[in-house]
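For reference, the chains in residue letters:
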Amino acid sequence: MTRQELFFLDGGPAWAAPGVPGWVDFDGALYGTGDLDGLGVKAAYDVDGPPLDPDAPLPVPEPASARRVHALAAARFPALADAPVKGAKSCRYELSANGHFVAGEHPDHPGVWLVGGGSGHGFKHGPAVAERIASAWAGGPPLPTEWAHGARGAGRSLRTAGAGA
């Protein structure tokens, strides 16, 4: 479990227009979305943050992190170069060592399932993962073997943590 920080830049009306896509800069290890619900343009640096106890209060985002994310976003989108930071928040981020979801029956408690490993991606994929698990329970295709419980070595995932990491 690590601490991740999200920043929201005031990109103006053009970034709040319908159809502004989510984006990923794999080389810069940065991802985000247009301005949704007036929060601002979401921009986040996608590298492992510092360790965070799951029960610890969430700390305030670091000013140095805001400067890094703003510089990366401005390099990718020059229109954001002068956009002020409109908001920021810290969150917990949990990810399995190989980047795959974890889903399977608890080894000591039949009928109890453990599902995780999704972190920020869990929000996007949660409904589809739930449908996939329900289908497996109903006799559909089995879950991918890489989701099984057990030891996991580091592996390549679709995280953005690229050259900027």
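For the structure itself, look to the data block above.
Since the model is a prediction, treat every value here as computed from it, not as a measurement.

**Q** What should I look at first to understand the overall build of the protein in this one?
**A** Regarding its fold elements, the protein presents two helices and seven strands. Shown N-terminal to C-terminal, the secondary structure of the protein runs as helices and strands in the order β-β-β-β-α-β-β-β-α. For the protein, with 165 residues in total, the buried portion stands at 33%. Considering only intrachain contacts with a sequence separation of at least 6, the fraction spanning at least 24 residues in the protein is 69%. If you sum the accessible surface of the protein, you get close to 9600 Å²; carbon and sulfur atoms cover 61% of it. Measuring between centres, the 13 positive side-chain charges of the protein sit 3 Å from its 17 negative side-chain charges.

**Q** Even after reading the chapter, I still don't get the packing of aromatic side chains, so can you show me in this structure?
**A** How two aromatic rings sit relative to each other is given by the distance of their centres and the angle of their planes. Enumeration over the complete set of coordinates arrives at four aromatic pairs. Pairing Trp15 with Phe77 gives two aromatic rings, centres 5.2 Å apart and planes at 80°, and the pair type is edge-to-face. Of the two residues, Trp15 is situated in the loop between β1 (2–9) and β2 (23–25) and Phe77 in the loop between α1 (63–76) and β5 (85–93); the sequence distance between them amounts to 62 residues. Neither residue differs from the other here; Trp15 and Phe77 are each classed as buried. Aromatic side chains Trp113 and Trp137 sit 5.3 Å apart centroid to centroid with 80° between the ring planes, which places their arrangement in the edge-to-face category. On the criterion of sequence distance, the pair formed by Trp113 in strand β7 (residues 113–116) and Trp137 in helix α2 (residues 119–137) is long-range, its members being 24 residues apart. The exposed category is assigned to Trp137, whose relative accessible area is 56%. Connected via pairs of aromatic rings, a cluster forms that spans Trp15, Trp23 and Phe77. Looking at Arg76, its charged tip hangs above the ring of Phe77, at a distance of 5.7 Å from the centre.

Conventions and cut-offs
- Residues numbered from 1 in each chain as written.
- Predicted model: local features only at pLDDT ≥ 70, side-chain atom pairs only at ≥ 80, totals over all residues.
- Heavy atoms only, no water.
- Helix = DSSP H or I, 4+ residues; strand = E, 2+ residues; numbered from the N terminus.
- Buried < 20%, exposed > 50% of the residue type's maximum accessible area, 1.4 Å probe, protein only.
- Contact = heavy atoms within 4.5 Å.
- Areas by Shrake-Rupley, 256 points an atom, 1.4 Å probe, with all protein chains shown as cover.
- Lys, Arg positive; Asp, Glu negative; His and termini not counted.
- Charge placed at Lys NZ, Arg CZ, Asp CG, Glu CD.
- Phe/Tyr/Trp six-rings, centres within 6.5 Å; stacked < 30°, edge-to-face > 60°.
- Lys NZ or Arg CZ within 6 Å of the ring centre and 35° of its normal.

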